[in-house]
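For reference, the chains in residue letters:
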Amino acid sequence: MSRIGKLPVQIVSGVKVNVAGNKVNVEGPKGKLQFEFLPEVGVEVKGNEVLVTNLTGTREAKALHGLTRAVVANMIEGVTKGYEKKLELQGVGYVCSLKGQILSLRVGYANEVKKDVPAGLKVECPDQTHINISGCDKQLVGQFAAAVRSVRKPEPYKGKGIRYVGEQIKLKPGKAASK
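Reading the values: the criteria
Residues numbered from 1 in each chain as written. Predicted model: local features only at pLDDT ≥ 70, side-chain atom pairs only at ≥ 80, totals over all residues. Heavy atoms only, no water. Helix = DSSP H or I, 4+ residues; strand = E, 2+ residues; numbered from the N terminus. Rg over C-alpha atoms; globule rule 2.2 N^0.38 Å. Buried < 20%, exposed > 50% of the residue type's maximum accessible area, 1.4 Å probe, protein only. Areas by Shrake-Rupley, 256 points an atom, 1.4 Å probe, with all protein chains shown as cover. Pairing = 2+ DSSP bridges. Axes fitted to C-alpha atoms, helices over the stretch in contact; angles between N-to-C directions. 1 Å grid on protein atoms, 1.4 Å probe; cavity = no way out; pocket = protein on both sides within 12 Å on 5 of 7 lines; lining within 4 Å. Points joined across faces, edges and corners; volume = space filled by probe spheres on them. Nonpolar A, V, L, I, M, F, W, Y, C, P; charged D, E, K, R; others polar.

Enquirer: An account of the overall build of the chain is requested, with residue identities and associated values reported.
Expert: Assigned secondary structure in the chain consists of 2 helices and 13 strands. The C-alpha radius of gyration computed for the chain amounts to 21 Å, which surpasses the reference 16 Å derived for 179 residues by more than 25%, pointing to a less compact arrangement than a globule. With the principal axes as the frame, the chain shows a C-alpha extent of 70 × 45 × 25 Å. In the chain, which comprises 179 residues, the proportion classed as buried is 34%. When the accessible surface of the chain is split by element, carbon and sulfur atoms take 51% of a total near 11,000 Å².

Next comes the structure, spelled out in C-alpha cells:
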C-alpha cells in the first residue's frame, strides 16, 4: 500500500470537489481543474477530505494510488494558491516581450522565437530579461516553463541562455593555454 496514497487530502474552505464516475472536478477561487483517474483506484469525498483507495492491489494500482492522491492534492493547492515559475534571460542582447498571447524571445538566433501562451496561464514580462508564468494547473505551468527554457538552455561555458530564477549553472573551464 502506498504511504502517500493512504493519506487523506484536506479540502480547504472555498473549494468544491466533485467525483463523477472516474473524473475529479475541483473548483476554487483561482479556477477549475479536472482529472480523469484510472479504474484501478477509487476516489471519494467524505466530509472535508478526499480519500483515494487502491481497488485491485496490483503493482500498477499501487503506483497509481500515490499518483492519484498527489494529483488531487496539487489540484486543490492550485485552485487556492496557484503555481508560479520565474525565468530569467542571461546574455548580451537576450530580450523577451509579450504581445497579446504570444511570447517573443530574442536569444541569439537569426529570427525571433515565438511561443503561444496556453489557455489557463498568465504570463508576464516585468522587464526585458524576466518572465513570470503563473496558473492553477501545476503540470501546465511547469510544462510551459520547460518549453520556454528549452528554446535556449544555459550553456556550460559562459552561462548564457534561459534559466529558472535561482538556478545554479556549473560553469566549465575553457581551453587552457598550452606552453
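Enquirer: Tell me about the pairing of strand S11 (residues 121-124), and name the residues and values.
Expert: Along S11, the buried face is formed by Leu121 and Val123; none of Lys122 and Glu124, which line the opposite face, is buried. A loop of 5 residues connects S11 with strand S12 (residues 130-135), the two strands running antiparallel in sequence.

Enquirer: An account of the sheet that holds strand S3 (residues 23-28) is needed here, citing residue identities and associated values.
Expert: The sheet built from 3 strands is open, its strands ordered S2-S3-S4 with antiparallel pairing. Two strands in the sheet have a free side with no partner beyond their single neighbour: strand S2 (16-20) and strand S4 (31-36). Ignoring strand direction, the axes of neighbouring strands in this sheet form an average angle of 15°. The pairing of S3 with S4 spans 6 bridges and is antiparallel. Residue lysine 23 lies in a different strand from S4, and its bridge partner there is glutamate 36.

Enquirer: Go over the layout of surface pockets, please, and point to the residues and values.
Expert: In this model, the largest pocket occupies a volume close to 170 Å³. Listed by contribution, the elements that provide at least two residues to the lining of the largest pocket are S4, helix H1 (59-80) and helix H2 (138-149). Of the residues assigned to the lining of the largest pocket, the class counts are 6 nonpolar, 3 polar and 2 charged.

Enquirer: Kindly report on the pairing of strand S6 (residues 49-54), identifying the contributing residues and their values.
Expert: By the bridge criterion, 2 bridges tie strand S1 (residues 9-10) to S6 in an arrangement that is antiparallel. Within S6, the residue paired with glutamine 10 across the bridge is glutamate 49. Note that strand S5 (residues 41-46) and S6 share 6 bridges and pair antiparallel. Of the residues in S6, the one forming a bridge with valine 43 is valine 52. Connecting the antiparallel pair S5 and S6 is a turn made up of 2 residues, with glycine 47 showing a positive phi of about 65°.

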